[in-house]
Amino acid sequence: SIDVFYKVKTQKHGWLSEVKNLEDYAGLEDSAIIGLAIKTNKGRIRYRVHILGGDWLPWVDDYDIKDYTNGYAGNDKPIDAVQVYYYTPDDIRPYKKAKYKVNEYPWQYDNEKVNNQDGYAGLFGTNIVKFQIEIA
């Protein structure tokens, strides 16, 4: 199995504890998420966030909350959408995908735009307060 680890930074509480797979969710209901860090134990993951009232920030592929450039996605402003893509290693078949969601919206697989998916998780104009992901 492939494990994914992630943590979020919220406006009111700063960086929260790391979450593994779907053991919990990252976030707190009373505070907008302003930063996101994701890593896996196998393969490679890329992710980016969309800023409320702004635009998409650059893709990130590292996991280091002290690295403002490539260690996490976010710029300390509320996030309203997230896009994640998982690169399956050559020795794992069938291919796996990042399965993720925000708030209580439906699941999104990688950046797919089929079966009512938008290619990202979130709703432009609405703060994200909850994030979950697994590799499926």
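Up top you'll find the structure we're talking about.
This one's a predicted model, so the numbers in the text were calculated from it and none came from an experiment. (Residues numbered from 1 in each chain as written. Predicted model: local features only at pLDDT ≥ 70, side-chain atom pairs only at ≥ 80, totals over all residues. Heavy atoms only, no water.)

Participant: What's the story with unusual backbone geometry in this structure? I'm lost.
Facilitator: Note on backbone geometry: most residues besides glycine have negative phi, and most peptide bonds are trans. Looking along the chain, the bond that leaves Arg-93 and enters Pro-94 is cis, with omega of 0°. Its location among the elements puts Pro-94 in the loop between strand S6 (79-87) and strand S7 (98-102). Despite not being glycine, Asp-110 shows a phi value in the positive range, around 45°. (Helix = DSSP H or I, 4+ residues; strand = E, 2+ residues; numbered from the N terminus.)

Participant: It is not clear to me how the environment of Asn-103 should be interpreted in this structure. Could you clarify?
Facilitator: The topology assignment puts Asn-103 in the loop between S7 and strand S8 (108-109). Look at Asn-103 and you get buried, because its relative accessible area is 12%. Taking C-alpha positions, Asn-103 is 24 Å from Asp-62, a pair spaced 41 residues apart along the chain. Setting aside residues up to four positions removed in sequence, Asn-103 forms contacts with Thr-126, Asn-127, Ile-128, Val-129 and Lys-130. One polar contact links the side chain of Asn-103 to the main-chain carbonyl oxygen of Asn-127, over a distance of 3.1 Å. (Buried < 20%, exposed > 50% of the residue type's maximum accessible area, 1.4 Å probe, protein only. Contact = heavy atoms within 4.5 Å. Polar contact = N/O pair within 3.5 Å; in protein donor to acceptor, adjacent residues only side chain to side chain.)

Participant: What exactly am I supposed to notice about the pattern of salt bridges here?
Facilitator: Oppositely charged side chains are able to pair whenever their charged atoms sit close together. Inspection of the entire model under this criterion finds seven salt bridges. Between Asp-3 and Lys-20 there is a salt bridge; the shortest N-O distance is 3.9 Å. Placement of the pair is Asp-3 in the segment before strand S1 (4-10) and Lys-20 in strand S3 (residues 19-20), with a sequence separation of 17 residues. Between Asp-76 and Lys-9 there is a salt bridge whose closest N-O contact spans 2.8 Å. Of this pair, Asp-76 sits in the loop between strand S5 (44-51) and S6 while Lys-9 sits in strand S1, and the two are 67 residues apart along the sequence. Asp-76 sits in the partly exposed class, given a relative accessible area of 37%. Judged by relative accessible area, which is 18%, Lys-9 ranks as buried. (Salt bridge = Lys/Arg side-chain N within 4 Å of Asp/Glu carboxyl O.)

Participant: Help me understand the sheet that holds strand S10 (residues 131-135), please; the structure alone is not making it clear to me.
Facilitator: The strands that make up a sheet are held in pairs by hydrogen bonds between backbone atoms, and each pair lies either parallel or antiparallel. In spatial order, the strands read S8-S7-S10; together these three strands make up an open sheet with antiparallel pairing. Pairing within the sheet leaves two strands with one partner each, and these edge strands are S8 and S10. Here five bridges tie S7 to S10, and the two strands are oriented antiparallel to one another. Its bridge partner being in S10, Lys-99 is matched across the sheet by Glu-134. (Pairing = 2+ DSSP bridges.)

Participant: So what exactly am I meant to see when it comes to the side chain of Arg-48 here?
Facilitator: In this fold, Arg-48 is placed in strand S5. Buried and unpaired, Arg-48 has Asp-55 as its nearest opposite-charge partner, separated by 6.9 Å. One polar contact links Arg-48 to Gln-83, side chain to side chain, over a distance of 2.7 Å. Those residues in contact with Arg-48 that lie beyond four places of it in its chain are Trp-56, Leu-57, Pro-58, Trp-59, Ala-73, Ala-81, Val-82 and Gln-83. (Lys, Arg positive; Asp, Glu negative; His and termini not counted.)

Participant: Just to check I follow, could you spell out the sheet that holds strand S9 (residues 121-122) for this structure?
Facilitator: The strand order S5-S6-S9 describes an open sheet built from three strands, whose pairing is antiparallel. Each of the sheet's edge strands pairs with one partner strand only, and the pair in question is S5 and S9. Relative to S6, S5 runs antiparallel, the two sharing eight bridges. Looking across to S6, one finds that Arg-46 is bridged to Tyr-85.

Don't take any of this as a statement about function, it's just geometry.
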